[in-house]
Amino acid sequence: PSVTGKDALLRRVRNESENVVDVLREDSAENAVKLEGIQNNIVGLIAEIEVALTFPGIVGVGTKFRSPRLPGVVAHMDVVACGGLLWIEVKASKRSSVAEIQRQAEIYISLRQEIWCRWKNPTVCFVFFGELDGTLRLWLEDHHIEVISLPTIHTDSLDSIADSLIHSCTDFTIPSSSCVVLDVFSICALISQLSHGDLDIEMEAWASSNEHWTLSLQEERAERLLTKLLPFIESKQLYTSDLVLNRCQFLVEQSAGSCERQRWEALKDSIIVIPVENVSVDNHMPACEHLNDLQNSIFLAAASKQAPIVTSNSRFVRTLNNQGFFPSVMIHRPRWLTGK
């Protein structure tokens, strides 16, 4: 469910299967050429699926990456593994020339330096099934591209090579963060009476004055938010920015009830506050544009700790992605303060 592009990959498989049927129904001298092209496409799809099933932490297949800092440059990655840290290009036919593969690799090399997955630049890996030109292999390795070469698809050695590759390079390790960064939305969700209290007539009366509150009550009745939120943050150090903390303090003073105020005081004591002016991030990491001050403070806090972000602001996450940043994120539904 968390792998983007899988539906499109399945459609490609179905389309190629239908193409075979259509060509076999035709009585044409070009059938052999058409079938060869379809066969190459199917072999390529099988290879992509084999690789996707082998590497850990698959998050995308057929994924496009672009950066506003490189207009018009697009990387179309066959498989994205290790939580986004490993971009894999799969080659299962001889249709691509050495020059074409080199041009493709140069695009990946330039773009990977502008993309930050889990606060790191991803590593590029080419997986070749079949004969690999030795000069091409040396060229790829000289340009810091990992190379896996296997004689055929459906080979047991892919598992062992992938395992060896993952464990030989710390850049491929999926980070297991010991901390998370909270924003205003997630803090409100953690202290809201709607998340903690009884969903009774009194709560219905509160929710009835606002369609967003009504929807939140319905969602809470279907599934309590804290059953998902708490396991994600438990045993982790909580961080936020000073701007977020000040904003939450204002909201509590304006809108929180007694129970919510008590939770706020307890939660506040467990959060380490990062002053925005003192944030230190990777010198090579560019600024993220189109963020307001609160959002930018969360971006900087998370980048400084290389930590996941907890938020219900999907627009904020899309802005990060559009700027080439793909942090680990937990997106939850919003919960408002109820005054209770």
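Residues numbered from 1 in each chain as written. Predicted model: local features only at pLDDT ≥ 70, side-chain atom pairs only at ≥ 80, totals over all residues. Heavy atoms only, no water.

## What about the overall build of the protein chain?
Part 1 of the argument: A count of helices and strands for the protein chain gives 14 helices and 12 strands.
Part 2 of the argument: The C-alpha extent of the protein chain, read off along each of the three principal axes, is 80 × 50 × 35 Å.
Part 3 of the argument: In the protein chain, which comprises 340 residues, the proportion classed as buried is 44%.
Part 4 of the argument: Taking contacts inside the protein chain between residues at least 6 apart in sequence as the whole, the part at least 24 apart equals 68%.
Part 5 of the argument: Carbon and sulfur atoms make up 50% of the accessible area of the protein chain, which amounts to about 17700 Å² in all.
Part 6 of the argument: With 31 positive and 43 negative side-chain charges, the protein chain shows a spacing of 4 Å between the two charge centroids. (Helix = DSSP H or I, 4+ residues; strand = E, 2+ residues; numbered from the N terminus. Buried < 20%, exposed > 50% of the residue type's maximum accessible area, 1.4 Å probe, protein only. Contact = heavy atoms within 4.5 Å. Areas by Shrake-Rupley, 256 points an atom, 1.4 Å probe, with all protein chains shown as cover. Lys, Arg positive; Asp, Glu negative; His and termini not counted. Charge placed at Lys NZ, Arg CZ, Asp CG, Glu CD.)

## Focus: unusual backbone geometry
Part 1 of the argument: Non-glycine residue Cys82 carries a positive phi angle of around 55 degrees.
Part 2 of the argument: By the secondary structure assignment, Cys82 is in the loop between β2 (74-81) and β3 (86-91).
Part 3 of the argument: Positive phi is not limited to glycine here, since His144 has a value of about 60 degrees.
Part 4 of the argument: Position of His144 relative to the elements: it lies in the loop between α4 (134-142) and β6 (146-150).
Part 5 of the argument: Relative accessible area serves as the criterion here: at 70%, His144 is assigned to the exposed category.

## Regarding the packing of aromatic side chains
Aromatic rings considered in pairs are described by the distance between their centres and by the relative angle of their planes.
Part 1 of the argument: Going through the model one piece at a time under the given rule, you end up with seven aromatic pairs.
Part 2 of the argument: Look at Phe65 and Trp87: their rings are 4.5 Å apart centre to centre, the planes differ by 20 degrees, and that puts the pair in the stacked class. Of this pair, Phe65 sits in strand β1 (residues 60-66) while Trp87 sits in strand β3, and the two are 22 residues apart along the sequence. For the pair Phe65 and Trp87, a shared accessibility class is recorded, and that class is buried.
Part 3 of the argument: Each ring, one from Trp206 and one from Trp213, has its centre 4.5 Å from the other, and the planes form 10 degrees; the classification is stacked.
Part 4 of the argument: Members of the aromatic cluster, each reached through a chain of ring pairs, are Phe65, Trp87 and Phe326.
Part 5 of the argument: In this structure, Lys236 packs its charged tip against the face of Phe232, placed 5.9 Å from the ring centre. (Phe/Tyr/Trp six-rings, centres within 6.5 Å; stacked < 30°, edge-to-face > 60°. Lys NZ or Arg CZ within 6 Å of the ring centre and 35° of its normal.)

## Remarks on the sheet that holds strand β5 (residues 123-129)
By way of backbone hydrogen bonds, the strands of a sheet pair with one another, either parallel or antiparallel.
Part 1 of the argument: Sheet architecture is open: five strands sit in the order β1-β2-β3-β5-β6, paired in mixed fashion. Single-partner strands in this sheet number two, and they are β1 and β6. Adjacent strand axes in the sheet meet at a mean angle of 40 degrees when their direction is disregarded.
Part 2 of the argument: Direction of pairing for β1 relative to β2: antiparallel, over a ladder of six bridges. From the neighbouring strand, Gly60 faces β2, where its bridge partner is Val80. (Pairing = 2+ DSSP bridges. Axes fitted to C-alpha atoms, helices over the stretch in contact; angles between N-to-C directions.)

## Topic: a nonpolar patch on the surface
Part 1 of the argument: Side chains of Val13, Ile49 and Leu53 sit close together on the surface and give an oily, nonpolar patch of about 250 Å² of accessible area.
Part 2 of the argument: Looking at where Val13 falls in the secondary structure, it is placed in helix α1 (residues 6-25). (Patch = residues over 30% accessible without salt bridge, like charges linked within 9 Å, V, L, I, M, F, W, Y side chains within 5 Å. Salt bridge = Lys/Arg side-chain N within 4 Å of Asp/Glu carboxyl O.)

## Some details on helix α12 (residues 258-270)
Part 1 of the argument: Helix length check: α12, at 13 residues, gives a terminal C-alpha distance of 19 Å against a target of 18 Å (1.5 Å per residue), a fit within 8%.
Part 2 of the argument: Residues Glu260, Trp264 and Leu267 constitute the buried set of α12. Projection of α12 onto a plane perpendicular to its axis shows the buried side chains occupying an angular sector of 75 degrees, all on one side. Turned more than 90 degrees away from the buried face of α12 sit Ser258, Gln262, Ala266 and Asp269, all of them exposed.
Part 3 of the argument: If you follow the buried residues of α12, they end up packed against α6 (184-191), α7 (193-196), β8 (237-241), α11 (242-255) and β9 (271-274). (Expected span 1.5 Å × (residues − 1). Arc of directions from axis to C-beta.)

## Side note on the side chain of Thr54
Part 1 of the argument: Position of Thr54 among the secondary structure elements: in helix α2 (residues 31-54).
Part 2 of the argument: A distance of 2.7 Å separates a polar side-chain atom of Thr54 from the backbone oxygen of Glu50. (Polar contact = N/O pair within 3.5 Å; in protein donor to acceptor, adjacent residues only side chain to side chain.)

## Description of the pairing of β5
Part 1 of the argument: Across the seven residues of β5, seven count as buried, placing the element largely inside the fold.
Part 2 of the argument: Burial along β5 is two-sided: Thr123, Cys125, Val127 and Phe129 facing one way and Val124, Phe126 and Phe128 facing the other are all buried.
Part 3 of the argument: One ladder, built from six bridges, connects β3 with β5; its direction is parallel. Counted as the bridge partner of Trp87 is Val124 from β5.
Part 4 of the argument: Both β5 and β6 contribute to a ladder of five bridges, which runs parallel.

## Considerations on the sheet that holds β8
Part 1 of the argument: In spatial order, the strands read β9-β8-β7-β10-β12; together these five strands make up an open sheet with parallel pairing. Two strands in the sheet have a free side with no partner beyond their single neighbour: β9 and β12 (329-331). With strand direction ignored, the average angle separating the axes of adjacent strands in the sheet is 30 degrees.
Part 2 of the argument: Pairing of β8 with β9 involves four bridges; the strand directions are parallel. Bridge pairing in β9 links Ser241 to Ile274.
Part 3 of the argument: Sheet strands in contact with helix α13 (residues 293-305) are β7 (179-182), β8, β9 and β10 (309-311), and its direction is about 175 degrees off that of β7.
Part 4 of the argument: Contacts from helix α14 (residues 314-322) reach β10 and β12, with the element oriented near 140 degrees to β10.

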